[in-house]
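Close look at the chain arrangement
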Amino acid sequence: MSATALPFPADHSQPHAGHGHAPGGNYLTHGKGVMSWLFTLDHKRIAIMYMIAILASFFIGGVFAILLRTLLWAPPVADPNNAMAMRAATAAYQFYNHVFTLHGAVMVFMFIIPAVPAIMGNFVLPMQLGAKDVAFPRLNLLSFYCWLGGALFFVYVLISGVLHSAFGTNLPGGFGLDTGWTFYTPYSTAKSAGAVIPATLGAFILGFSSILTGLNFIATIHMLRPKGMTWFRMPLFLWATYSTSVIQVLATPVLAITLLLLIAERALGVGIFDPALGGDPVLYQHFFWFYSHPAVYIMVLPAMGVISELIAVFSRRHIFGYNFIAFSSIAIALLSFIVWGHHMFVSGQSTLANAIFSLLTFSVAIPSAIKVFNWASTLYKGDIRLKTPMLYALGFVMLFTIGGLTGLFLGALSVDVHLTDTYFVVAHFHYVMMGSTLFAFLGGMYYWWPKMFGKMYSEYVGRIAFVIIFVGFNLTFFPQFVMGSHGMPRRYASYPDRPMFVTNHRLSTSGAYIMASGLVLVAFNWVHSLRRGRRAPANPWGANTLEWRTPSPPPHDNFPGPAPVADDPYDFHGWKENPDGSWYLDEAEKKKYADSSHH
Amino acid sequence: MLTAYLAQANDPTFWLPKQASTVSDNVDGLFTFVYWLSVFFFLVITAMVVYFTLKYRHRPGQTRESAAGHSTALELTWTIIPTLLVLPIFYYGFRGFMDMQVEPPNPYEINVIGKMWSWTYEYPGGVITDELHIPKDVPVRFVLRSDDVLHSFFIPEFRTKKDVVPGRYNRYWVKATQLSPEGGTKPWDIFCAEYCGDNHSTMLSKVWVHEKPEFDAWFKKASDPYIGRSLIQVGETFYKQRGCATCHSTEKDAVIQGPSFRNLFGSQVEMTDGTKLTADENYIRESVLYPQAKIHKGFGAVMPSFLGQFTDRDIDAINWFLKSISDKYPKENLGPGGVIGTGSEPPAGGKPTPNLQPGAQGSPAGGGASTGTGGAVTRPATTAPGAKPGTAAPATPPKPSTGIPDPAPTPAPK
């Protein structure tokens, strides 16, 4: 039954001929030419297209980050009493404002929200279920084109900014973007000369990519699970993806409408958020954060799903507390909808609202803590291999702990009054978005890289790059906690010249450069592996989820024959290691443990 | 000993600035509690990760026995304990916040106006200034108003912050418990903490905390810009604080929006209609009060009028200032305008308070000035009863009232 799909002992996987494909065919070689990619319905190809686009976005967002950290090494400081000096410095400040805004907008909308679901969810989810594709493959392709369409608007915004600063050209709609990625009103509707409408239209369209992907995944998990793949047989990555999809579907439409209202006010003067037109700026904040708080869980939940996979596989141990981790994912998704007001504690909203939001905010910390303890416990009595994906997973656990704990400071009302809108918040969210989500993303990319491309990357370079990134990351963001609690406000193009601020800013900038060089090394490792990497076996890690029961890269239909029947995804009994590092399945031994359920 | 310990608790630490208000100790106390809790749990998790990774590292040829895959007891433990720990964090945060929200009776009220990109303070009694001075140990309520977009009024040493929202008034109160540095002569920072456009990062201000007598003295000086200053200095103060500096520089030939003031007075000016005249006292007066009457050639008709905002005495002072930066005006003729103490008080030879530097003496130490949008116009000071601007120095000037009763003598400082 499933024997045909299993990798052969002591050998790299032979791509299995089946379904009329030429021997040696896989999803990459199935169908030739650009059109076969642009019109593909194969979830795996869609995932790869997303990957290229999303990594390019990460690069652009990263360029902006390096730019803004560089500007903050020695910002121009002009005596506010000297109007001429201020006039000159203002041009530098305006430039900085565009850079920090675009860093945020590109990273949030084009990188971190789609990254894990669109790339890894798309590639892996159907295979982990044992399905041939997602429930709605055409909708999946449409999601990708929505992403591209939204991205085009952002490209327009970037071009408008570059042309304006280089040549003074004024494209229609404004130039660049200087509102912050949050587009707070009335600055964004009444004052900014940025390309606000193109940018918000771009985010609007990108939102549909998110919504349709979420819809597709929910339908797939409900409808395309083969008999025997019960909910509690699913890998935790799928629980995480499912929870994320629920948020994507319920929350993103709120952002879409909010952005349309913003456009209506800016373009048509409809008074909703601008008090000069009879509107309320705080209303905008409510609408915006009603989406954007759940959005941060869209970012981190799939990352947590990846971590569950990595820690179990590389400890060779059943994940500890499967049920609790699964339910925590759902709990986080639901609780994420009722805490948005914690972004607005000093906006002037009522004390009662503040108290309720503060109390609820602490509630969402608990399921996250449960997960962290479970991951750490999975290591106990494990058989731990420190491959590159595992390094990122362990890094995640430590950095997410810091990120989550600093959220406690911000959830406490009186302390938040002091810390909100300072660098403390910037550091907090970078620890959870970058130290956590990005690390999980990188770990997942390394983990599934051999499956996606049939090539092994260099472990040696991978580990070195990890250390550089880990050190660089902490050097960049830990000093930001310190200067934040000393009052350094965020979104500042320049700052008072005193050691507390200067030293910490410079430490931070140095860290950013170190981290960037680590990331360059990661990219180099991946690209090099495509050309010179060792051929990857079907199962280089000894994992037990179904995507590893098919060759690397997988065939067009995901499995060489009928899909294998899934057993407990974290039961590693029976997997034996070959001398070359690949793994094969000893069927007899697997059967001995087939019924030992650890849920 | 306790007071010594508590006084030391006020000092800046690695994480936090000096504590200077009644709410600072709650904020810092809770911060410290959460901090050590975080350190503890971070060490626990890191220790688990590092220890387990090292101890259970794969060694070739070794096999492991399987371990339990779950433990309800552990799950309940690490659910219940964190829940119990976050509840007091919420509670003390809420309590501290309530202290910030509930005002004591009869606070001293100051209007704070934020606009792109400066702060202005309006005091009872009509003082309008761009520097914040408050007395120690007196509850002060800030009524926050924005003229344009969102701003946020943030004073780190007080641990206070509130958004300044256009279309509504936000309020918060503070009671300073420490003098600002060097006996109240140096200020603390005030930051704008909500992104508001180009000069968000230079929308800075300063706050001085004085003992009551020094505060009264500052207030008196601020009420009447002529006290303790020469006419040249008064003119310079108007230049900086009333919106002139936004458009007119004092550097030779440097144009911001309007003509530079350097070497303006006494020079030949050509108008758009071709007439030429000398920029004398009459020309300056007309430009301030009726700027559209004659437009300097090469400039647009954009200057707002200051009619009703300056008295003739004020324009006198402005003229003196312009003379002092003009090469057309001989230095030896500057004498009358340069004499200190032409205000309603006796000349400042008598008893300058030694360390008091309210900063409003026309020097750049005053900090954030009018870098607002072009043509920023400040309202004339609403006059307190009896203190009519523009009158000749009255024999006994009425004491501007701060409205704050002198505090009862306080016991040892907290």
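**A word on the overall build of chain A**
- Broken down by element type, chain A carries 17 helices and four strands.
- What you see for chain A is a C-alpha radius of gyration of 24 Å, in line with the 25 Å of a compact globule of 599 residues.
- Seen through its principal axes, chain A has C-alpha atoms that stretch 80 × 50 × 45 Å.
- Within chain A, the fraction of its 599 residues that count as buried is 65%.
- By sequence separation, contacts in chain A at least 24 residues apart represent 79% of the contacts at least 6 residues apart.
- Total accessible area computed for chain A in this model is approximately 19100 Å², and 71% of it derives from carbon and sulfur atoms.
- The average position of the 34 basic charges and that of the 25 acidic charges among the side chains of chain A differ by 5 Å.

**Digging into the confidence of the model for chain B**
Residues and elements named next belong to chain B.
- Chain-level statistics for chain B give a pLDDT mean of 82 and a share of 80% at 70 or above.
- Per-residue pLDDT stays below 50 along residues 1–7; that stretch engages in one contact with residues further than four places along the chain or on separate chains.
- In this model residues 345–398 is a low-confidence stretch, pLDDT under 50, and it forms 89 contacts with partners more than four residues away in sequence or in other chains.
- For this predicted complex, the interface score ipTM comes out at 0.92, alongside a pTM of 0.86.

**Some points on the pattern of salt bridges**
- With the rule as written, the count across this model stands at 27 salt bridges over all chains.
- Residue B:Asp137 pairs with B:Lys136 through a salt bridge whose shortest N-O separation is 3.1 Å.
- Note on B:Lys136: relative accessible area 14%, which makes it buried.
- Each of A:Arg549, A:Asp567, A:Asp571 and A:Lys590 takes part in salt bridges that share partners, so that together they form one network.

**Topic: the packing of aromatic side chains**
- Within the structure shown, the criterion is met by 93 aromatic pairs over all chains.
- Relative to A:Tyr446, the ring of A:Tyr392 has its centre 5.6 Å away and its plane inclined at 20°; by these criteria the two rings are stacked. With A:Tyr392 in helix 12 (residues 388–411) and A:Tyr446 in helix 14 (residues 423–453), this residue pair connects regions lying 54 residues apart in the sequence. Across the pair, A:Tyr446 and A:Tyr392 agree in class, each one buried.
- Lying across the ring of A:Trp37, A:Arg45 places its NZ or CZ 4.2 Å from the centre.
- When the ring centre of B:Phe154 is taken as origin, the NZ or CZ atom of B:Lys161, which lies over that ring, is 3.8 Å away.

**Looking at a nonpolar patch on the surface**
Residue and element names in this part refer to chain A.
- Residues Val34, Met35, Leu38, Phe39, Tyr145 and Leu148 make up a contiguous nonpolar surface patch of roughly 560 Å² in combined accessible area.
- Elements supplying a minimum of two residues to the nonpolar patch: helix 1 (34–38) and helix 5 (137–167).
- Per-element tally for the nonpolar patch: the top contributor is helix 1, with three residues.
- Tracing the backbone shows Leu148 in helix 5.
- Judged by its relative accessible area of 31%, Leu148 falls in the partly exposed class.

**Focus on the sheet that holds strand 4 (residues 132–135) of chain B**
Residue and element names in this part refer to chain B.
- Taken in spatial order, the five strands line up as 4-10-9-6-7 in an open sheet, and their pairing is mixed. Here the strands that pair on one side only, and so sit at the sheet edges, are strand 4 and strand 7 (160–164). Across the sheet, the mean angle from the axis of one strand to that of its neighbour is 25°, orientation sign disregarded.
- In this sheet, strand 9 (residues 188–192) lies alongside strand 6 (residues 151–155) in antiparallel orientation, the contact comprising two bridges. When the bridges of strand 9 are listed, Phe154 appears paired with Phe191.
- Those strands touched by helix 5 (residues 212–223) are strand 4 and strand 10 (205–210), and its axis lies near 140° from that of strand 4.

**What to know about the nonpolar core**
- Ranked by size, the top nonpolar core spans 249 residues in total, and within it B:Leu132 and B:Phe153 carry the most contacts.
- The biggest single contributor to this core is helix 14 of chain A, with 21 residues.
- Every residue in contact with B:Leu132, bar those within four places of it in the chain, is listed here: B:Ile110, B:Tyr121, B:Tyr123, B:Phe142, B:Phe153, B:Ile155, B:Ile190, B:Lys206, B:Val207 and B:Trp208.

**Some remarks on the sheet that holds strand 1 (residues 108–115) of chain B**
Residues and elements named next belong to chain B.
- Spatially, five strands are ordered 3-2-1-5-8 in an open sheet, and the strand pairing comes out mixed. Looking at which strands have only one partner, the edges of the open sheet turn out to be strand 3 (128–129) and strand 8 (170–175).
- Both strand 1 and strand 2 (residues 118–122) contribute to a ladder of five bridges, which runs antiparallel. By the bridge assignment for strand 2, Gly114 is matched with Trp119.

**Quick notes on empty space enclosed by the protein**
Residue and element names in this part refer to chain A.
- Counted under the stated rule, the structure contains 10 cavities of 30 Å³ or more.
- Lining the second largest cavity are 16 residues, with Phe109, Ile113, Pro114, Leu206 and Ser210 positioned closest to its centre.
- Within the residue set of the lining of the second largest cavity, elements represented by two or more residues are helix 4 (115–129), helix 7 (196–223) and helix 8 (236–268).
- Among the elements that take part in the lining of the second largest cavity, helix 7 stands out by supplying six residues, more than any other.
- Residue composition of the lining of the second largest cavity, grouped by class: 10 nonpolar, six polar and no charged.

**Observations regarding the packing of helix 9 (residues 281–315) of chain A against helix 14 of chain A**
Residues and elements named next belong to chain A.
- The interhelical angle for the contact between helix 9 and helix 14, taken along N-to-C directions, is 50°, at an axis separation of 9 Å. The orientation of helix 9 with respect to helix 14, classified from their angle, is oblique. Helix-helix and strand crossings are classified by hand; for helix 9 and helix 14 the assignment is left-handed. In this structure, helix 9 uses Met299, Val300, Ala303, Val306, Ile307, Leu310, Val313 and Phe314 to contact helix 14, whose residues at the interface are Val432, Met433, Thr437, Ala440, Gly443, Gly444, Tyr447 and Trp448.
- By residue class, the composition of the contact of helix 9 with helix 14 is 13 nonpolar, three polar and no charged.

**Some remarks on the interface of chain B and chain A**
- On the chain A side, the residues contacting the 93 residues of chain B number 94 residues.
- Interface area, chain B with chain A, both sides summed: about 8200 Å², of which 68% is carbon and sulfur.
- Viewed at the interface, chain A and chain B are joined by one salt bridge.
- Among the salt bridges present, the one from A:Arg498 reaches B:Asp189, with a minimum N-O distance of 2.5 Å.
- Counting every contact that joins chain B to chain A gives 30 residue pairs in polar contact (both at pLDDT 80 or more).
- Sorting the residues of the side of chain B that touches chain A by element identifies helix 2 (24–55), helix 3 (72–101), strand 7 and strand 9 of chain B as the ones contributing at least two each.
- Among the elements that take part in the side of chain B that touches chain A, helix 3 of chain B stands out by supplying 18 residues, more than any other.
- Considering only residue class, the side of chain B that touches chain A consists of 49 nonpolar, 28 polar and 16 charged.

**As for the packing of helix 3 (residues 83–112) of chain A against helix 14 of chain A**
All names here are of chain A.
- Running from amino to carboxyl end, helix 3 crosses helix 14 at an angle of 35°, the nearest separation of the two axes being 13 Å. At the point where helix 3 passes helix 14, the crossing takes the left-handed sense. For the pair formed by helix 3 and helix 14, the contact residues are Tyr96, His103, Phe111 and Ile112 on the first element and Tyr423, His430, Met433, Thr437, Leu438 and Phe441 on the second.
- Taken together, the residues that form the contact of helix 3 with helix 14 break down as seven nonpolar, three polar and no charged.

**Details of the pairing of strand 10 of chain B**
All names here are of chain B.
- Buried residues dominate strand 10, accounting for five of its six residues.
- Here strand 4 pairs with strand 10 via four bridges, running parallel. Residue pairing across strands places His133 opposite Trp208, the latter belonging to strand 10.
- Pairing of strand 9 with strand 10, which is carried by three bridges, proceeds in the antiparallel orientation. Paired with Trp188 across the two strands is Val207, which belongs to strand 10.

Rules and cut-offs
Residues numbered from 1 in each chain as written. Chains lettered and ligands numbered in written order. Predicted model: local features only at pLDDT ≥ 70, side-chain atom pairs only at ≥ 80, totals over all residues. Heavy atoms only, no water. Helix = DSSP H or I, 4+ residues; strand = E, 2+ residues; numbered from the N terminus. Rg over C-alpha atoms; globule rule 2.2 N^0.38 Å. Buried < 20%, exposed > 50% of the residue type's maximum accessible area, 1.4 Å probe, protein only. Contact = heavy atoms within 4.5 Å. Areas by Shrake-Rupley, 256 points an atom, 1.4 Å probe, with all protein chains shown as cover. Lys, Arg positive; Asp, Glu negative; His and termini not counted. Charge placed at Lys NZ, Arg CZ, Asp CG, Glu CD. pLDDT = per-residue confidence, 0-100. Salt bridge = Lys/Arg side-chain N within 4 Å of Asp/Glu carboxyl O. Phe/Tyr/Trp six-rings, centres within 6.5 Å; stacked < 30°, edge-to-face > 60°. Lys NZ or Arg CZ within 6 Å of the ring centre and 35° of its normal. Patch = residues over 30% accessible without salt bridge, like charges linked within 9 Å, V, L, I, M, F, W, Y side chains within 5 Å. Pairing = 2+ DSSP bridges. Axes fitted to C-alpha atoms, helices over the stretch in contact; angles between N-to-C directions. Core = buried A, V, L, I, M, F, W, Y, C linked by side-chain atoms within 4.5 Å. 1 Å grid on protein atoms, 1.4 Å probe; cavity = no way out; pocket = protein on both sides within 12 Å on 5 of 7 lines; lining within 4 Å. Points joined across faces, edges and corners; volume = space filled by probe spheres on them. Nonpolar A, V, L, I, M, F, W, Y, C, P; charged D, E, K, R; others polar. Parallel < 35°, antiparallel > 145°, perpendicular 65-115°, else oblique. Left-handed = near helix turned anticlockwise from the far one by under 90°. Buried area = accessible area lost by both parts, 1.4 Å probe. Polar contact = N/O pair within 3.5 Å; in protein donor to acceptor, adjacent residues only side chain to side chain.

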